Structures are given as structure tokens and as C-alpha cells.
Amino acid sequence: MTADVCKRQITIQIGGIVQGVGFRPFVYSLANNLGLAGQVANTGRGVELLLSGPKEAVDRFLHTLKTSPPPLARITNIDISPYRGPEPGPGFIICASKDTGSTATLISPDIATCDDCLADIFSPSNRRFH
């Protein structure tokens, strides 16, 4: 079997409370940890991803996305479709927000600073101290 046969390229549209909750950095870290290429951006409908890599890594990415999203995220839908465009360059990037013309995304409520973040900003050894 050739490498191209084992490769999977998809676009993913994610709706729900996925903006303002650390979702793009979560996706970026997950994709990089799995060696996937592509990009992620906010849109008027939620978050949009282009993902490319070995089928097993893409499947693992999707499983983790569905079962372990960021704590404040609330995914209401995930639409996956094949991507038939040019192969993305190496690595994974966070893109600027895209203006899609329509807006149908949910807004997260104001959330108090979590205990982990408070520990970060009050720890003298942390770069975020004070």
C-alpha cells in the first residue's frame, strides 16, 4: 500500500460554543502532537479545519476532538467532508478568523478564572506571574 492510499484529507466544520474557549489552540496542539498538517480558523458558523495526514492519526484526532474537547467548549455538531483541494504545506497553523457572510455561532458565557489559571499567575516560577 502506498503512502497516498493511507493518507486522509478532510475538512471539518464544528458548531457550538467553540470560540473564546481555547478551542483553536487545543486543535493546534492536538494536530501537532499527532503530526498532522492543515489549519484551523474561526468562522461565523463556528470553527473550520483542514486536516491532512495518515488515516490512523486523523482518526485519533477525531476521536480526541469528540471525547476530550477543552473544558469550556460545548460541541453541538461536527460535519466532516473529504477535502479534494491542494495538499496543505507541512505543519499546522492557526489562521485569522474568516468572514463567511453568515453568523450562527454560539457565544460562551462569562466564566470566572479557573483554579489552574490562578495558580499560574500567582506562581513566581511561572512566566505569567502577576
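Look up: the structure comes first, before these words.
Keep in mind that this is a model prediction, so the values were computed, not measured. (Residues numbered from 1 in each chain as written. Predicted model: local features only at pLDDT ≥ 70, side-chain atom pairs only at ≥ 80, totals over all residues. Heavy atoms only, no water.)

Peer 1: How should I be thinking about the packing of helix α1 (residues 23–33) against helix α2 (residues 55–67) in this particular structure?
Peer 2: Look at α1 against α2: their axes get within 10 Å of each other, and the N-to-C directions meet at 150°. Crossing of α1 against α2: the hand is right-handed. Counted together, F23, F26, V27, L30 and A31 of α1 and F61, T64 and L65 of α2 form the full contact between these two elements. Grouping the constituent residues of the contact of α1 with α2 by class yields seven nonpolar, one polar and no charged. (Axes fitted to C-alpha atoms, helices over the stretch in contact; angles between N-to-C directions. Helix = DSSP H or I, 4+ residues; strand = E, 2+ residues; numbered from the N terminus. Left-handed = near helix turned anticlockwise from the far one by under 90°. Contact = heavy atoms within 4.5 Å. Nonpolar A, V, L, I, M, F, W, Y, C, P; charged D, E, K, R; others polar.)

Peer 1: Looking at this structure, I do not really get the side chain of Q9. What am I missing?
Peer 2: Counting through the fold element by element, Q9 comes out in strand β1 (residues 7–17). The class for Q9 is buried, based on a relative accessible area of 19%. At a separation of 3.0 Å, a polar atom in the side chain of Q9 contacts the side chain of S52. Residue contacts for Q9: discarding those within four places in its chain leaves L51, S52, P82, Y83, G85, E87 and P88. (Buried < 20%, exposed > 50% of the residue type's maximum accessible area, 1.4 Å probe, protein only. Polar contact = N/O pair within 3.5 Å; in protein donor to acceptor, adjacent residues only side chain to side chain.)

Peer 1: How should the nonpolar core be read in this particular structure?
Peer 2: One recurring pattern in soluble globular proteins: nonpolar side chains tend to sit buried together. With 24 residues, the main nonpolar core has I12, F23, V27, L36, L49, L51 and F61 as its most contacted residues. For this core, the secondary-structure elements that each account for two or more residues are β1, α1, β3 (46–54) and α2. (Core = buried A, V, L, I, M, F, W, Y, C linked by side-chain atoms within 4.5 Å.)

Peer 1: It is not clear to me how α1 should be interpreted in this structure. Could you clarify?
Peer 2: Along α1, the residues that are buried comprise F23, F26, V27, L30 and A31. When α1 is viewed along its axis, its buried side chains cluster within an angular range of 125° and face the same direction. The inward-facing, buried residues of α1 contact β1, β2 (37–43), β3, α2, β4 (74–82) and β5 (92–94). Of the residues flanking the end of α1, it is G35, one or two places downstream, whose phi is positive at about 70°. (Arc of directions from axis to C-beta.)

Peer 1: Sorry, what's going on with the packing of aromatic side chains here?
Peer 2: The description of an aromatic ring pair rests on the distance of the ring centres and on the angle between the ring planes. The tally for this structure, following the rule as stated, stands at two aromatic pairs. Here the aromatic rings of F23 and F26 are separated by 6.0 Å at their centres, their planes lie at 55°, and the arrangement is tilted. Here the residue F23 and the residue F26 both occupy positions in helix α1, the gap between them amounting to three residues, near one helical turn. Each member of the pair, F23 together with F26, is buried. (Phe/Tyr/Trp six-rings, centres within 6.5 Å; stacked < 30°, edge-to-face > 60°.)

Peer 1: I keep staring at the sheet that holds β4 and nothing clicks. Help me out?
Peer 2: Where strands meet in a sheet, backbone hydrogen bonds hold them as pairs that are either parallel or antiparallel. Pairing within the open sheet is mixed, and its five strands lie in the order β4-β1-β3-β2-β5. Edge positions in the sheet fall to β4 and β5, since each of these pairs with one other strand and no more. In this sheet, neighbouring strand axes are inclined to one another by 15° on average, regardless of whether the strands run parallel or antiparallel. Of the strands in this sheet, β1, β2, β3, β4 and β5 are in contact with α1, which crosses β5 at around 170°. Strands in contact with α2 are β1, β3 and β4; relative to β1, the strand with the most contacts, it is inclined by about 10°. (Pairing = 2+ DSSP bridges.)

Peer 1: Mind showing me how you'd approach the pattern of salt bridges here?
Peer 2: Any two side chains of opposite charge can pair, so long as their charged atoms come close to each other. Applying the stated criterion to the full structure yields three salt bridges. Here E87 and K7 are joined by a salt bridge, their closest N and O atoms 2.7 Å apart. Linking E87 in the loop between β4 and β5 with K7 in strand β1, this pair joins segments that are 80 residues apart in sequence. Its salt-bridge partner being D59, residue K55 comes within 2.6 Å of it at the nearest N-O pair. Of this pair, K55 and D59 are both found in helix α2, four residues apart, which corresponds to roughly one turn of the helix. (Salt bridge = Lys/Arg side-chain N within 4 Å of Asp/Glu carboxyl O.)

Treat this as a map of the structure, not an account of what it does.
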